[in-house]
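Topology and contacts: notes
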Amino acid sequence: MPAPRRLVLIGAAAAAVVAAVGIGLAVSSSSTSGERLEAALVATDAASGARGEATLTKTPSGWRIELDARGLPRLESGRLYEAWLHNPAGVLVPVGTFNDPRQVTLWAGVSPLRFTTLTVTRERADGNQASSGEKVLVGKVSG
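For every chain, the first residue of the written sequence is number 1, and numbering continues from 1 along that sequence. The model is predicted, so local features are restricted to residues of pLDDT at least 70 and side-chain atom pairs to those at 80 or more, both for listing and for counting; the totals for chains, interfaces and linings are taken over all residues. Calculated side-chain values reflect all of the structure's heavy atoms, with hydrogen atoms and water omitted.

The number of helices and strands found in the protein is one helix and eight strands. Relative accessible area decides the class of each residue, using a 1.4 Å probe on protein chains only: under 20% of the type maximum gives buried, over 50% gives exposed, and in between gives partly exposed. Burial statistics for the protein: of 143 residues in total, 33% are counted as buried. Between two residues, a contact is recorded if the distance between any of their heavy atoms is within 4.5 Å. For the protein, the share of sequence-separated contacts (at least 6 apart) that also reach a separation of at least 24 residues comes to 54%. Calculation of accessible area relied on Shrake-Rupley with a 1.4 Å probe; when residues are assessed, cover is drawn exclusively from the protein chains displayed. Element-wise, carbon and sulfur atoms account for 57% of the exposed surface of the protein, whose accessible area totals about 8400 Å². Going along the chain from the N terminus, every DSSP run of H or I of four or more residues is numbered as a helix, and every run of E of two or more is numbered as a strand.

Within soluble globular proteins, side chains that are nonpolar tend to cluster in buried spots. Side-chain atoms within 4.5 Å link the members of a nonpolar core, which is a set of buried Ala, Val, Leu, Ile, Met, Phe, Trp, Tyr and Cys residues. Ranked by internal contacts, the top residues of the largest apolar core, which has 28 residues, are Ile65 and Leu118. Those elements that provide at least two residues to this core are strand 1 (36-43), strand 2 (51-59), strand 3 (62-70), strand 4 (79-86), strand 5 (92-98), strand 6 (104-108), strand 7 (117-124) and strand 8 (135-142). Per-element accounting of this core gives the leading share, four residues, to strand 3. Leaving out residues up to four positions away in the same chain, Ile65 has contacts with Ala54, Thr55, Leu56, Leu85, Val95, Val104, Thr105, Leu106, Ala108 and Leu118.

Turning to its location among the elements, Thr121 is positioned in strand 7. Under the relative-accessibility criterion, Thr121 is labelled buried at 1%. A polar side-chain atom of Thr121 sits 2.6 Å from a polar atom in the side chain of Glu123. For Thr121, the residues in contact, after removing those within four places along its chain, are Leu80, Tyr81, Glu82, Trp84, Ser131, Ser132, Glu134, Lys135 and Val136. Any pair of N or O atoms that falls within 3.5 Å is considered a polar contact. Within protein, one atom must be able to donate a hydrogen and the other to accept it, and sequence-neighbouring residues count only if both atoms are side-chain atoms.

A few words now on the sheet that holds strand 2. The pairing criterion for strands is at least two bridges between them, as found by DSSP. Strand order in the open sheet formed by eight strands is 5-4-7-8-1-2-3-6, with antiparallel pairing between adjacent strands. Where the open sheet ends on each side, the last strands, each with one partner, are strand 5 and strand 6. The mean angle between the axes of side-by-side strands here comes to 25°, regardless of whether they run parallel or antiparallel. Here strand 2 pairs with strand 3 via nine bridges, running antiparallel. Bridged to Gly52 within strand 3 is Ala69. As a rule, the C-alpha atoms of each element are fitted with a line to give its axis, helices using only the stretch in contact, and angles between N-to-C directions run from 0 to 180 degrees.

Take a look at the structure:
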């Protein structure tokens, strides 16, 4: 076999190995750690009859929170829902806002293993970033 052809075959084989390794790394780094937690949310007096479920999944960029709630009306005109994680000391971390409580995806940069309560509040788009304190759903995160 001539030398140039042999070099082409060796190069093609090397490229195939590099591609296989790259695909393997991409697949392994895009998967989650497999850590999943759940929260059953119950209504407060402000939203009697409402309920919800949340699944919290660890990903490389944080925790994805998939929330589905029933019994809460859609909010509009500068009104919205905001979800929060908080720890036993009462430190609140916002994890996202939404208008319709069905099939919501939120993101947390803190671990729900330390921030173990998930709440949903009613808010106004008024420039005040603090919680209104008007809780409509609350639940403990568990494994």
